[in-house]
Every structure is written in structure tokens, then in C-alpha cells.
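Letter by letter, the chains look like this.
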Amino acid sequence: IGYIMDARVLQIRALDKKTSDLKSAKNIVPRGSGWINTVREAIGMTASQLAVRLGVTQPRITKMETNEDNLKLSTMKKAAEAMNCEFVYYFKPKTTFQNLVEEQAQKKAAEVLKTVNVNMALEDQEIAADESVKDFATDLINTKIKQIWD
């Protein structure tokens, strides 16, 4: 079990390290227009030229640029390649992956322990809430991480 826990911790830390360079997606997303339009204009390519490279019509490029949020990933990849770019995507946590897991584990632990504490309070044996939540959350992360998402 210790080996599994260490591998998971390393995996979470590796994800956090990979994504820490970009503090916020807000800093890199083009304002107003999307990536296709921003890159196309920056490299001096017309919508018609991009259309030829993609094998579509110029009005299709305009539609792609105005509706970029709804394009398939494969379409974004093809558009990037047509402009000699590489299309990259990933999931950026709002804080860190480690915080995300810890917060969810604490929510789940509090939810479970609330029921336990109600039952134990009836028997006059209520557990100290904060410590119990933290301990149980750690246990969930280390041994039953998938249960925190139920």
C-alpha cells in the first residue's frame, strides 16, 4: 500500500510541476479572438490561404474563428498544423492537483464523519471534528482515493 501511495503522490507532484509554469490560462488565451485568428493574423496568413491549406472554404475559416470554443480537438490540431504550429491542450487545475485532491478528500471525510458523529453523539462519544476530518481525509487519499469522488 505504501508503494501505491508514493506513486500517487509522485504522480500528483509531477502534474503540479508540469502545470505550474502557467499560473493562469487567462494569461495565455487571446482576448477577443481565438487562437486560430490570432496566430493566422500574426504570421500574415489570410483566411483564404488557411482555407486552401485545410481544404475548406474561406467562410468555413471565418466560422471556425468565431466558434473556436466548439471545435473538435482534431479540427484545432489540423488548423495548427496548417499554420506550422503544434496544437497542445491540457487540464490546468484552479490551484494545484494536490490541493484539488486534498479539498475533495476533506469534503468527503466531513460528509462521512458527520453521519458518524451524529450517531456517536447520541451515545455521548462525539469525535473531535477537525482532527478526525483531516485524519480521515488523509486515509482516504492514501488507501481509497477513488471514493472521494462519490
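Rules of the game
- Residues numbered from 1 in each chain as written.
- Predicted model: local features only at pLDDT ≥ 70, side-chain atom pairs only at ≥ 80, totals over all residues.
- Heavy atoms only, no water.
- Helix = DSSP H or I, 4+ residues; strand = E, 2+ residues; numbered from the N terminus.
- Buried < 20%, exposed > 50% of the residue type's maximum accessible area, 1.4 Å probe, protein only.
- Contact = heavy atoms within 4.5 Å.
- Areas by Shrake-Rupley, 256 points an atom, 1.4 Å probe, with all protein chains shown as cover.
- Core = buried A, V, L, I, M, F, W, Y, C linked by side-chain atoms within 4.5 Å.
- Polar contact = N/O pair within 3.5 Å; in protein donor to acceptor, adjacent residues only side chain to side chain.
- Salt bridge = Lys/Arg side-chain N within 4 Å of Asp/Glu carboxyl O.

Enquirer: Please explain the overall build of the protein as it appears in this structure.
Expert: In terms of helices and strands, the protein carries seven helices and zero strands. Reading the protein from its N end, one meets helices and strands in the order α-α-α-α-α-α-α. Here the protein, with 150 residues, has 27% of them falling under the buried criterion. Long-range pairs, those at least 24 residues apart, make up 62% of the contacts in the protein between residues at least 6 apart in sequence. With an accessible surface of roughly 11100 Å², the protein has 54% of that area assigned to carbon and sulfur atoms.

Enquirer: Would you explain the nonpolar core in this entry?
Expert: Side chains of nonpolar character tend, in soluble globular proteins, to be buried together. Core analysis: the largest hydrophobic core is formed by 13 residues, its most contacted members being Ile36, Leu50, Ile61, Met64, Leu71 and Met83. Put simply, the parts of the chain that give this core at least two residues each are helix H2 (35-42), helix H3 (47-54), helix H4 (58-66) and helix H5 (73-82). Not counting residues up to four positions away in its chain, the partners in contact with Ile61 are Arg40, Ala47, Leu50, Ala51, Leu54 and Val56.

Enquirer: Help me out: how do you make sense of H2 in this one?
Expert: Each full turn of the α-helix corresponds to 3.6 residues, which orients residues three or four apart in the same direction. Of all the residues in H2, the buried ones are Ile36, Asn37, Val39 and Arg40. Packing partners of the buried residues in H2 comprise H3, H4 and H5. One or two steps after H2, the chain reaches Gly44, where phi turns positive at roughly 80°.

Enquirer: Honestly, the environment of Thr38 in this entry has me stumped. Any pointers?
Expert: Position of Thr38 among the secondary structure elements: in helix H2. On a C-alpha basis, the gap between Thr38 and Glu65 in space is 9.1 Å, while along the polypeptide they are 27 residues apart.

Enquirer: How should the side chain of Glu65 be read in this particular structure?
Expert: Here Glu65 is to be found in helix H4. The exposure class of Glu65 is buried, given its relative accessible area of 13%. A distance of 3.1 Å separates the side chain of Glu65 from the side chain of Asn37, its partner in a polar contact. Residues contacting Glu65, with those up to four places away along its chain left out, are Ile36, Asn37 and Arg40.

Enquirer: Please explain unusual backbone geometry as it appears in this structure.
Expert: Outside of glycine, negative phi angles account for most residues, and trans bonds account for most peptide bonds. Residue Asn84 is not a glycine yet carries a positive backbone phi of 55°. Along the chain, Asn84 falls in the loop between H5 and helix H6 (97-122). Look at Asn84 and you get exposed, because its relative accessible area is 68%.

Enquirer: Honestly, the pattern of salt bridges in this entry has me stumped. Any pointers?
Expert: As enumerated under the stated definition, the model contains four salt bridges in all. The partner of Glu111 in a salt bridge is Lys108, with the nearest N and O atoms 3.5 Å apart. Taken together, the residues Glu111 and Lys108, both in helix H6 and three residues apart, mark about one turn of the helix. We classify Lys108 as buried; its relative accessible area is 14%.

In short, shape yes, function no, at least from these values alone.
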